[in-house]
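Chain by chain, the residues run as shown.
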Amino acid sequence: MIAVITGDIINSQRTETEVWITRLKDLLAKWGSSPQTWEIYRGDEFQLKCNIDDVFWRFLAIKSLIKSQENLDVRIAIGIGEENFYSEKITESNGTAYVNSGRLLNHLKSDGHTVSVKTTSESVDRDLNILLKWSSKDFDKWTVATSEIIHEMIMNQEITQEELAKKFLISQSSVSQRIKRANYDLIVETNQYFRKKISEL
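Residues numbered from 1 in each chain as written. Predicted model: local features only at pLDDT ≥ 70, side-chain atom pairs only at ≥ 80, totals over all residues. Heavy atoms only, no water.

The protein chain appears in an unreviewed UniProt entry as SatD family protein from Chryseobacterium gilvum.

1. Some words on the nonpolar core
Here is the rule: Here, the term nonpolar core denotes a set of buried Ala, Val, Leu, Ile, Met, Phe, Trp, Tyr and Cys residues that are joined through side-chain atoms within 4.5 Å. Remark: exposure states derive from per-residue accessible area (1.4 Å probe, protein chains only) relative to the maximum for the residue type, with buried under 20%, exposed over 50%, and partly exposed in between. Only DSSP runs of H or I reaching four residues or more are called helices, and only runs of E reaching two or more are called strands; each is numbered from the N terminus. Pairs of residues are marked as contacts when any of their non-hydrogen atoms sit within 4.5 Å.
With 50 residues, the main nonpolar core has Ile62 and Ile78 as its most contacted residues. Among the elements that take part in this core, helix α2 (residues 55-67) stands out by supplying 9 residues, more than any other. Dropping the residues within four chain positions of it, isoleucine 78 is found in contact with Val4, Ile5, Val55, Phe59, Leu104, Val115, Ser116, Val117, Lys118 and Phe194. Counting residues in each nonpolar core, the second largest holds 5 residues, with Ile2, Ile90, Ala97 and Tyr98 among its members.

2. Quick notes on the packing of α2 against helix α8 (residues 184-199)
Put simply, the rule is: A fitted line through C-alpha atoms represents every axis, and for helices the fit uses only the stretch in contact; the resulting angles, taken between N-to-C directions, go from 0 to 180 degrees. Under this scheme an angle from 65 to 115 degrees is roughly perpendicular, one under 35 degrees roughly parallel, and one over 145 degrees roughly antiparallel; angles in between are oblique. Charged residues are taken to be Asp, Glu, Lys and Arg, nonpolar residues to be Ala, Val, Leu, Ile, Met, Phe, Trp, Tyr, Cys and Pro, and polar residues to be all remaining types, Gly included.
Look at α2 against α8: their axes get within 9 Å of each other, and the N-to-C directions meet at 140 degrees. Considered as vectors, α2 and α8 are oriented oblique to each other. Of the residues in α8, those in contact with Val55, Phe56, Trp57 and Leu60 of α2 are Tyr184, Ile187, Val188, Thr190, Asn191 and Phe194. When grouped by side-chain class, the residues that make up the contact of α2 with α8 number 8 nonpolar, 2 polar and no charged.

3. What about the packing of aromatic side chains?
Quick reminder of the rule: The aromatic pairing rule takes the rings of Phe, Tyr and Trp, using the six-membered ring of Trp, and pairs them if the centres are within 6.5 Å, calling planes under 30 degrees apart stacked, those over 60 edge-to-face and the rest tilted.
Taken as a whole and judged by the stated rule, the model has 5 aromatic pairs. Aromatic pair phenylalanine 56 and phenylalanine 59: ring centres 5.7 Å apart, planes at 65 degrees, arrangement edge-to-face. On the criterion of helical spacing, the pair formed by phenylalanine 56 and phenylalanine 59 is a turn pair, its members being 3 residues apart in helix α2. Measuring from centroid to centroid gives 5.2 Å for phenylalanine 56 and phenylalanine 194, while their planes differ by 35 degrees, and the two rings are tilted. Taken together, the positions of phenylalanine 56 in helix α2 and phenylalanine 194 in helix α8 put the pair 138 residues apart, joining distant regions of the chain.

4. Examining the pattern of salt bridges
The criterion, for reference: Within this document, salt bridges are pairs made up of a side-chain nitrogen of Lys or Arg and a carboxyl oxygen of Asp or Glu, the two lying within 4 Å of each other.
This structure, assessed with the given rule, holds 16 salt bridges. Note that glutamate 83 and lysine 49 form a salt bridge whose closest N and O atoms lie 3.0 Å from each other. Of the two residues, glutamate 83 sits in the loop between β4 (73-81) and α3 (96-111) while lysine 49 sits in strand β3 (residues 45-50), which places them 34 residues apart along the sequence. With relative accessibility at 27%, the residue glutamate 83 sits in the partly exposed group. A salt bridge links lysine 167 to glutamate 152, with the shortest nitrogen-to-oxygen separation between them at 3.9 Å. Here glutamate 152 lies in helix α5 (residues 144-155) and lysine 167 lies in helix α6 (residues 161-168), a separation of 15 residues in the sequence. Taking relative accessible area as the criterion, lysine 167 reaches 48% and is therefore assigned partly exposed. The network of salt bridges with common partners includes Arg126, Asp127, Lys196, Lys197 and Glu200.

5. Observations concerning unusual backbone geometry
In this model, serine 34 is joined to proline 35 through a cis peptide bond whose omega is 5 degrees. Structurally, proline 35 can be placed in the loop between α1 (17-29) and β2 (38-41). Look at asparagine 11: it is not a glycine, yet its phi comes out positive at around 70 degrees. By the secondary structure assignment, asparagine 11 is in the loop between β1 (2-10) and α1. Judged by its relative accessible area of 29%, asparagine 11 falls in the partly exposed class. Although it is not a glycine, arginine 42 adopts a positive phi angle of roughly 50 degrees. Within the element layout of this structure, arginine 42 appears in the loop between β2 and β3.

So this is what it looks like as C-alpha cells:
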C-alpha cells in the first residue's frame, strides 16, 4: 500500500512561476527522483508518491512551503491504495492510490476545500476528512511568517527555537508566538492520529 499526493497551486497565475516552482522542485527532490517519484505537469499541478507513514508530514511540508510565499496556497488530494502498474513516469503509473488521488483533486476543485484523503475504507475516510476539514481551517490561515517557521520545523524536527530565531533574524519570543499560533503541538498529535488510522487499513 502506498500514498499518492496530487496537488495544484492556488493563485499560481498571480505570481511568477519561477517564484514557487524552483522551491517546490527542490523540496520534492529531497524525497526522490523525477519523474519516477514525483512530477510537475500542466503548469501548476504535481504528483508525489510516498510511504503511507510519511504522507501527512509531506502534505504539510508542501503546504507550508507554498504558503511561505505571498498570495499562494495549494490544494492537495491524498490517495491511499495499491500501485498495480509501475511506470518510469509517475503520471503513467496506475492503481487505486493514483485513481483515488486524481479523482479527489477534481472533487476538491469544486467543493472549496484545500485537502482531503481517499482510502480503501469509507469509515477511515470519514474520520480523517472530518479531522482534515477542522485542521485546514488553521492551515489555510497561516501567514507567510508562520509558514516559514512551520516548514523549517517539519523539515528539521531537531531544530531549536534559538536556531530558528537566528535563521529568520527574529527574537526567540517571536518564534515561540508563531509556533503557538500555528498550534504546532496539535499538528504533531494530528500526524500521530493520521498514521494510526491509516495503519488500520
